[in-house]
Amino acid sequence: MIKAAGVAEVTDADFEAEVIGAELPVLVEFTADWCPPCRQMAPVLSAVAREEGDRLKVVQLDVDTNPLTTNAYGVLSMPTLMVFRDGQPVKSMVGARAKRRLLEELADVL
């Protein structure tokens, strides 16, 4: 998995605690090593985590090693970005995007 600096990795085992039980809204990137657009998202996610860390938790989940969570949320394309608030998915976006566009799309959930 292409690790974004400052972004935690979650797994099937800790998804419940780290995402569902989180106080803040959580942006989850469903990602994979073999996905070129996922690589493009790494610096974007790092920047968002750094700038919005007080209002938003940003995590990554490797779809190849965490099939339970991937299947539970019907993720078929990488990268899929999903926002969870109060344990529920409230927004889903598919594909790489620039930081400015991502922040615009997140404005209504922050």
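Quick note: structure is the one above.
Residues numbered from 1 in each chain as written. Predicted model: local features only at pLDDT ≥ 70, side-chain atom pairs only at ≥ 80, totals over all residues. Heavy atoms only, no water.

Below, the discussion takes up the side chain of E29. Inspection of the secondary structure puts E29 in strand β2 (residues 26–31). One buried charged residue, E29, forms no salt bridge at all, with the nearest opposite charge on K3 at 9.0 Å. Not counting residues up to four positions away in its chain, the partners in contact with E29 are C38, M41, L45, V59, Q60, L61, P79, T80 and L81. (Helix = DSSP H or I, 4+ residues; strand = E, 2+ residues; numbered from the N terminus. Buried < 20%, exposed > 50% of the residue type's maximum accessible area, 1.4 Å probe, protein only. Lys, Arg positive; Asp, Glu negative; His and termini not counted. Salt bridge = Lys/Arg side-chain N within 4 Å of Asp/Glu carboxyl O. Contact = heavy atoms within 4.5 Å.)

Note the cis peptide between M78 and P79, where omega equals -10 degrees. Within the secondary structure, P79 is located in the loop between α3 (67–72) and β4 (80–85). In this structure, D86 is a non-glycine residue whose phi angle is positive, near 55 degrees. With respect to the secondary-structure elements, D86 resides in the loop between β4 and β5 (88–94). Residue classification places D86 among the exposed residues on the basis of a relative accessible area of 64%.

Glancing now at the environment of D108. Secondary-structure assignment places D108 in the segment after α4 (99–106). Its relative accessible area of 56% is what places D108 among the exposed residues. Distance from D108 to V44, taken between C-alpha atoms, is 19 Å for residues 64 residues apart in sequence. Sequence-distant contacts of D108, defined by excluding residues within four places in its chain, comprise R85 and K91. At 3.1 Å, the side chain of D108 forms a polar contact with the side chain of K91. (Polar contact = N/O pair within 3.5 Å; in protein donor to acceptor, adjacent residues only side chain to side chain.)

Another aspect to go through is the pairing of β2. Buried residues dominate β2, accounting for six of its six residues. The side-chain alternation of β2 yields two buried faces, one formed by V26, V28 and F30 and the other by L27, E29 and T31. In terms of strand pairing, β2 meets strand β3 (residues 57–62) through six bridges, oriented parallel. Its bridge partner lying in β3, V28 is registered against V59. Relative to β4, β2 runs antiparallel, the two sharing five bridges. The residue of β4 that forms the bridge with L27 is V83. (Pairing = 2+ DSSP bridges.)

The next subject is helix α2 (residues 36–52). For the α-helix, the turn length of 3.6 residues means that residues three or four positions removed from each other point alike. Counted at 1.5 Å a residue, the expected span for α2 with its 17 residues is 24 Å, and the 25 Å between its end C-alpha atoms agrees. Of all the bends in α2, the greatest, near 30 degrees, is centred on A42, and the proline P43 appears no more than four residues after it. When α2 is considered as a whole, its buried residues turn out to be C38, M41, A42, V44, L45, S46, A47, V48, A49 and E52. Elements in contact with the buried residues of α2: β2, β3, β4 and α4. (Expected span 1.5 Å × (residues − 1). Bend = angle between axes of the 7 residues up to and from the residue.)

By themselves these figures say nothing about function.
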